[in-house]
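Residues per chain are reported as follows:
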Amino acid sequence: RQRQMCIRDRYEDEVFALTDQLRAQEQQVMLIMGGVGLGLALLAVMIMQWVAAAVAGPITRMAGVARDLARGVVTQTVTHHSGDEVGQLADSFRSTIAYLKAMAAQAAAIAAGDLTQTVTPASEEDTLGQAFVQMTGSLNAVISQISEQALALSGASHQMAASAEELSLIHISE
């Protein structure tokens, strides 16, 4: 019996030692897993910030371009190029800027008196382009009317001068 107790005590001590060893290893594994988890979480946050900046940066810059376009500043440039939706938005902004620059150049030429400008609307729904076509047509019609009236006035003026000369000759001969 004593021998059984001795064997039991010895095994009991070994079990307790192994249990303590397992608990220590378990704590080490938990610390390692916690560190790895924290590292992965930090990596995920960094990746999310990078993705957010990659999307938000170009959109923020294009919002600034849109604000300036709304104020009439057509000397804008959009430099972002990509194959995604943000790139498509950038392409649309570049097209809009090119259209507005062309319309501003035509408006400046018309304002300077060049009514030979041929405005071609971008589409049937192009309200600004259609208005330019109507405006140049109306201005040309007004100028034609003024020219016709000036010619008629010039003719009437010549007739009045001739009549005045005849009257003056009649008056002198009397």
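This structure is a prediction, so every number in the text was calculated from the model and none was measured.

Chemist: Please clarify how a nonpolar patch on the surface should be interpreted in this entry.
Modeler: A cluster of nonpolar side chains, Ile 32, Val 36, Leu 40, Leu 43, Met 46, Ile 47, Trp 50, Val 51, Val 55, Ile 59 and Leu 89, forms an exposed patch at the surface whose accessible area comes to about 1,100 Å². For the nonpolar patch, the leading source of residues is helix H1 (residues 2-70), giving 10 residues. With respect to the helices and strands, Trp 50 occurs in helix H1. When its relative accessible area of 63% is taken as the criterion, Trp 50 is described as exposed.

Chemist: Explanation requested: the pattern of salt bridges in the structure shown.
Modeler: It is possible for side chains bearing opposite charge to pair when their charged atoms get close. Counted under the stated rule, the structure contains 2 salt bridges. The closest approach of N and O atoms between Arg 94 and Asp 91, which form a salt bridge, is 2.4 Å. Here the residue Arg 94 and the residue Asp 91 both occupy positions in helix H2 (residues 85-111), the gap between them amounting to 3 residues, near one helical turn. Since its relative accessible area comes to 23%, Arg 94 is described here as partly exposed.

Chemist: Even after reading the chapter, I still don't get the side chain of Asp 126, so can you show me in this structure?
Modeler: Along the polypeptide, Asp 126 turns up in the loop between H2 and helix H3 (127-173). Buried and without a salt bridge, Asp 126 has Lys 101 as its closest oppositely charged side chain, separated by 17 Å. A polar atom in the side chain of Asp 126 sits 2.8 Å from the backbone nitrogen of Ala 122. Not counting the four nearest positions on each side in its chain, Asp 126 is found in contact with Tyr 99 and Pro 121.

Chemist: Got a minute to help me understand the confidence of the model for the protein in this structure?
Modeler: Interpretation of the predicted coordinates at a detailed level should be avoided for regions scoring low in pLDDT. Looking at the protein as a whole, the pLDDT averages 88, with 94% of positions reaching at least 70. Taken element by element, the predicted model of the protein shows its lowest mean pLDDT in H3 (85) and its highest in H2 (93).

What counts, and where the lines are drawn
- Residues numbered from 1 in each chain as written.
- Predicted model: local features only at pLDDT ≥ 70, side-chain atom pairs only at ≥ 80, totals over all residues.
- Heavy atoms only, no water.
- Patch = residues over 30% accessible without salt bridge, like charges linked within 9 Å, V, L, I, M, F, W, Y side chains within 5 Å.
- Areas by Shrake-Rupley, 256 points an atom, 1.4 Å probe, with all protein chains shown as cover.
- Salt bridge = Lys/Arg side-chain N within 4 Å of Asp/Glu carboxyl O.
- Helix = DSSP H or I, 4+ residues; strand = E, 2+ residues; numbered from the N terminus.
- Buried < 20%, exposed > 50% of the residue type's maximum accessible area, 1.4 Å probe, protein only.
- Lys, Arg positive; Asp, Glu negative; His and termini not counted.
- Polar contact = N/O pair within 3.5 Å; in protein donor to acceptor, adjacent residues only side chain to side chain.
- Contact = heavy atoms within 4.5 Å.
- pLDDT = per-residue confidence, 0-100.

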